[in-house]
Amino acid sequence: MSAERNTRQRRTIRDVVERAGRPLTTDEIFVSAQTSIPSLGKATVYRSIRALLDEGWLAAVDVPGRSALYERAGKEHHHHFQCSHCKRVYELDGCASEIRGELPAGFVSTGHDVTIYGACAGCSRLTR
Ligand SMILES: [Zn+2]
Ligand SMILES: [Zn+2]
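## Describing the domain arrangement of the protein
Annotation of the protein at the domain level lists domain 1 (3–72) and domain 2 (79–127). With centres defined by C-alpha atoms, the gap from domain 1 to domain 2 works out at 23 Å. Counting residues at the interface gives 11 residues for domain 1, matched by 10 residues for domain 2. On the domain 1 side of the interface with domain 2, the three residues burying the most area are Arg-22, Val-63 and Arg-66, jointly 50% of the side's total. Our enumeration of links across domain 1 and domain 2 arrives at 0 salt bridges. Partitioned by chemical class, the residues of the side of domain 1 that touches domain 2 number 5 nonpolar, 1 polar and 5 charged.

## Looking at the coordination of the zinc ion (ligand 1)
Only Cys-83 (SG), Cys-86 (SG), Cys-120 (SG) and Cys-123 (SG) from the protein reach the zinc ion (ligand 1) as donors, at distances of 2.3 to 2.4 Å. For the zinc ion (ligand 1), the donor residues sit on a single chain with the sequence spacing C-x2-C-x33-C-x2-C. Of the residues examined, Cys-83 reaches a relative accessible area of 0% and is grouped as buried. Of the residues examined, Cys-86 reaches a relative accessible area of 28% and is grouped as partly exposed.

## Some words on the layout of surface pockets
A volume near 200 Å³ is recorded for the largest pocket. Lining the largest pocket are 16 residues, and of these Glu-71, Glu-76, His-77, His-78 and His-80 sit closest to its centre. Looking at side-chain class alone, the lining of the largest pocket contains 4 nonpolar, 6 polar and 6 charged residues. When residues of the lining of the largest pocket are sorted by domain, at least three fall in each of domain 1 (3–72) and domain 2 (79–127).

## Brief notes about the pattern of salt bridges
Counted under the stated rule, the structure contains 5 salt bridges. Here Arg-72 and Glu-18 are joined by a salt bridge, their closest N and O atoms 3.3 Å apart. Of this pair, Arg-72 sits in strand β3 (residues 69–72) while Glu-18 sits in helix α1 (residues 3–20), placing them 54 residues apart in sequence.

Conventions and cut-offs
Residues numbered from 1 in each chain as written. Chains lettered and ligands numbered in written order. Predicted model: local features only at pLDDT ≥ 70, side-chain atom pairs only at ≥ 80, totals over all residues. Heavy atoms only, no water. Domains from an automatic or database assignment. Contact = heavy atoms within 4.5 Å. Buried area = accessible area lost by both parts, 1.4 Å probe. Salt bridge = Lys/Arg side-chain N within 4 Å of Asp/Glu carboxyl O. Nonpolar A, V, L, I, M, F, W, Y, C, P; charged D, E, K, R; others polar. Donors = N, O, S within 2.8 Å, 3.2 Å for Na, K, Ca; no water. Buried < 20%, exposed > 50% of the residue type's maximum accessible area, 1.4 Å probe, protein only. 1 Å grid on protein atoms, 1.4 Å probe; cavity = no way out; pocket = protein on both sides within 12 Å on 5 of 7 lines; lining within 4 Å. Points joined across faces, edges and corners; volume = space filled by probe spheres on them. Helix = DSSP H or I, 4+ residues; strand = E, 2+ residues; numbered from the N terminus.

Have a look at this one:
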């Protein structure tokens, strides 16, 4: 594969991630990127995602029970919302939850991971 093609594929995938503004699955990245490069193969998308992760441009988002989702790396601390209907994951700004809990004596907290579940605007309209 030529370096030029490689560059174009990575740029397309970066565009897809930035335009989405929410974490995407490999399949979502694949489908969106194909509208720009119809000949794009899934193996190439996997490879490009791995390369962008290695470069530190992309970050994996961990949502329980889901395969990996990806978003732009280096964002401020934030949380995610998963729509129970369409399964899309959205980014929430900032930290709404001041979760402290009661840590047992001698425990030290280093962070937290919160996913909010519910219906997104599109889906809550449909189910009303
Ligand atoms: Zn939804
Ligand atoms: Zn937080």
